[in-house]
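Report on the structure
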Amino acid sequence: MPDVMTSHAKIFVSGHRGLVGSAVVRQLQRQGFTNVVTATRQELDLRDPQAVRQWFKDHRPEFVIHVAGKVGGINANATEPADFIYDNLMIHATVLRASYECDVRKLLYLGSSCIYPRDCPQPIKEEYLLTGPLEATNRAYAVAKIAGLVSCEAYRTQFGCRFISAMPTNLYGPHDNFDLVSSHVLPALIRKFDDARRAQQSTVTVWGTGQPRREFLFVDDLAEACLFLMQNYEGPDTINVGTGEDVMIAELADTVRQIVYPGSEIRYDRTKPDGTPRKLLDVSRLHKLGWAHRTPLMEGIRMTYQWFLEHASQHQRR
Ligand code: GFB
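**Some thoughts on the overall build of the protein**
When you go through the protein residue by residue, the secondary structure sums to 10 helices and 12 strands. Scaling as 2.2 N^0.38, a compact globule of 318 residues should have a C-alpha radius of gyration of about 20 Å, and the protein matches this with 19 Å. Along the longest, intermediate and shortest principal axes, the C-alpha atoms of the protein span 55 × 40 × 40 Å. Sorting the 318 residues of the protein into buried and exposed places 54% on the buried side. Within the protein, contacts between residues separated by at least 24 positions form 82% of all contacts whose residues are at least 6 apart in sequence. Carbon and sulfur atoms form 50% of the exposed surface of the protein, whose accessible area is close to 13900 Å². Each charge sign in the protein was given a centre, from 37 positive and 36 negative side chains, and these centres are 2 Å apart.

Here you go:
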């Protein structure tokens, strides 16, 4: 029986205040894990090798669910590439090295669907990685995430580390970033339609042409998949995590409009980039392992909007 997390195992969740990290902590609590350790950015700068090494020595986590990172939507990635590549390269290099040096028993690393080639066949299989050019708008971030994935393989090869990796699709849910400049499309649309409703503005602007297609996974489903992989997967290959269904941005915008502000109209700002035309993940490997998502998109959007309304005061511009 492989070495799995028991209820009292010491589990470090990096990035615990973010969209994914907060969902992973919720899921661990739901599943009865009582010894979860975290560190705020103020307590621990994950880009600082000395600080991370010392923190790992002091806290000795047995398992690491490594979901910290500098993330953002198409605009943030296109305008801050140096910060995206530096922060993410440093975060992944320090956490993986310290995990190896402190004999962490198993680590899960999370990548992103943007690591795949811009124009690869759809749905995207894990083996398409590095078979073609990347999407320009998030190339720096993608290279950093690929470096993290290859690092997991390298530690496994050289030192036998049980470092596994997963590639999630576009995520959304509670604790998302709703800032209009740096956010991803779904929280941005929720924010835009809600702002328009409050201001009684009849028109909402959607970026690009509305033609690209995107796949959206509710973040609590991703968190459940992370724990499933930690407990059941030992393989060297990365695993796509998604729903296997995608939607056109125009359809998504209309769905959010119906939920948040049905009386409004949509206009498109074609001066903004579309990004990758499509990035639908092939999730057959994950389904074969025994996990599939459960939250339909409409239900997930409603739950996310509900959370947004309950935390309206928090949505300051980042
Ligand atoms: O979610 P998003 O910013 O990132 O954009 P990507 C998805 C699509 O939604 C693009 C359109 O075609 C955008 O033009 N869109 C329409 C909007 N209106 C808006 C809006 O108001 N805000 C935003 N943000 N988009 C990200 C990568 O790519 O995917 C990240 O940049 C990460 O690195 C993430 O990998 C999962 O899906 O294009």
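**Thoughts on the environment of Leu189**
Following the sequence through the fold, Leu189 ends up in helix H6 (residues 185-199). Note on Leu189: relative accessible area 2%, which makes it buried. Expressed as a C-alpha distance, the spacing of Leu189 and Lys288, which sit 99 residues apart in the sequence, is 34 Å. In this structure, Leu189 is in contact with Val206, Leu252, Ala253 and Val256, ignoring residues within four places of it in sequence.

**A look at empty space enclosed by the protein**
The gaps of empty space that remain are located by a probe, the size of a water molecule, rolled over the atoms. Under the defined criterion, the tally for this structure stands at one cavity of 30 Å³ or more. The computed volume of the largest cavity comes to approximately 40 Å³. As for the largest cavity, its lining consists of Ser113, Cys114, Tyr116, Pro117, Ile124, Glu135, Thr276 and Lys279.

**Thoughts on the packing of aromatic side chains**
A full pass over the atoms with the stated rule returns 12 aromatic pairs. Ring centres of Tyr100 and Tyr155 lie 5.8 Å apart, and the angle between their planes is 50°; on these two criteria the pair is classed as tilted. In this pair, Tyr100 sits in helix H4 (residues 81-101) while Tyr155 sits in helix H5 (residues 139-159), placing the two residues 55 residues apart along the sequence. Here the aromatic residues Tyr100, Tyr155, Phe159 and Phe163 are joined through ring pairs into a cluster of three or more.

**Looking at the packing of helix H8 (residues 249-260) against helix H10 (residues 297-310)**
Helix packing for two helices is described by the angle between their axes and how far apart those axes are. Packing of H8 against H10 brings their axes to within 11 Å, and their N-to-C directions diverge by 50°. By the angle between their axes, H8 is oblique relative to H10. As H8 runs across H10, the sense of the crossing is right-handed. Contacts between H8 and H10 involve Leu252, Thr255, Val256, Ile259 and Val260 on the former and, on the latter, Leu297, Met298, Ile301, Arg302 and Tyr305. A breakdown of the residues in the contact of H8 with H10 according to their chemical character gives eight nonpolar, one polar and one charged.

**Some details on the side chain of Lys279**
By the element assignment, Lys279 lies in the loop between strand E12 (265-269) and helix H9 (284-289). In terms of polar contacts, Lys279 uses its side chain to reach the side chain of Asn170, at 3.4 Å.

**A closer look at helix H1 (residues 19-30)**
Given a rise of 1.5 Å per residue, 12 residues ought to cover 16 Å, and the 17 Å separating the end C-alpha atoms of H1 matches this to within 8%. Within H1, nine of the 12 residues are buried, which leaves the element mostly enclosed by the surrounding structure. Of all the positions in H1, only Leu19, Val20, Gly21, Ser22, Ala23, Val24, Val25, Gln27 and Leu28 are classed as buried. Looking one or two places after H1, you find Gly32, whose phi comes out positive at around 85°.

**Describing the site of the ligand**
As a structural note, the neighbourhood of the ligand is formed by 22 residues, with Ile74, Ser112, Lys192, Pro273 and Asp274 the closest of them. At a separation of 2.8 Å, an oxygen atom of the ligand approaches a polar backbone atom of Ile74. Contact distances for the ligand include 2.7 Å between an oxygen atom and a backbone N or O atom of Pro273. Relative to its unbound accessible surface of 700 Å², the ligand loses 98% to contact with the protein. Elements with a contribution of two residues or more to the shell around the ligand: helix H3 (74-79), H6 and strand E7 (203-207). It is H6 that contributes the most residues to the shell around the ligand, three residues altogether. Residues that form the shell around the ligand fall into these classes: 10 nonpolar, eight polar and four charged.

**Digging into the nonpolar core**
Ranked by size, the top nonpolar core spans 39 residues in total, and within it Leu46, Phe56, Leu107 and Tyr116 carry the most contacts. Those elements that provide at least two residues to this core are helix H2 (49-59), H4, strand E4 (106-110), H5 and strand E5 (163-168). No other element matches the six residues that H5 contributes to this core. Ile11, Leu108, Val219 and Ile239 belong to the second-largest nonpolar core, a separate cluster that totals 34 residues.

**With respect to the side chain of Glu215**
Positionally, Glu215 belongs in the loop between strand E8 (213-214) and strand E9 (216-218). Put simply, Glu215 is tucked away with no salt bridge, and the nearest opposite charge, on Arg278, sits 8.5 Å away. Polar contacts involving the side chain of Glu215 include one to the main-chain amide nitrogen of Thr243, which spans 2.7 Å.

Conventions we followed
- Residues numbered from 1 in each chain as written.
- Predicted model: local features only at pLDDT ≥ 70, side-chain atom pairs only at ≥ 80, totals over all residues.
- Heavy atoms only, no water.
- Helix = DSSP H or I, 4+ residues; strand = E, 2+ residues; numbered from the N terminus.
- Rg over C-alpha atoms; globule rule 2.2 N^0.38 Å.
- Buried < 20%, exposed > 50% of the residue type's maximum accessible area, 1.4 Å probe, protein only.
- Contact = heavy atoms within 4.5 Å.
- Areas by Shrake-Rupley, 256 points an atom, 1.4 Å probe, with all protein chains shown as cover.
- Lys, Arg positive; Asp, Glu negative; His and termini not counted.
- Charge placed at Lys NZ, Arg CZ, Asp CG, Glu CD.
- 1 Å grid on protein atoms, 1.4 Å probe; cavity = no way out; pocket = protein on both sides within 12 Å on 5 of 7 lines; lining within 4 Å.
- Points joined across faces, edges and corners; volume = space filled by probe spheres on them.
- Phe/Tyr/Trp six-rings, centres within 6.5 Å; stacked < 30°, edge-to-face > 60°.
- Axes fitted to C-alpha atoms, helices over the stretch in contact; angles between N-to-C directions.
- Parallel < 35°, antiparallel > 145°, perpendicular 65-115°, else oblique.
- Left-handed = near helix turned anticlockwise from the far one by under 90°.
- Nonpolar A, V, L, I, M, F, W, Y, C, P; charged D, E, K, R; others polar.
- Polar contact = N/O pair within 3.5 Å; in protein donor to acceptor, adjacent residues only side chain to side chain.
- Expected span 1.5 Å × (residues − 1).
- Near = heavy atom within 4 Å.
- Core = buried A, V, L, I, M, F, W, Y, C linked by side-chain atoms within 4.5 Å.
- Salt bridge = Lys/Arg side-chain N within 4 Å of Asp/Glu carboxyl O.

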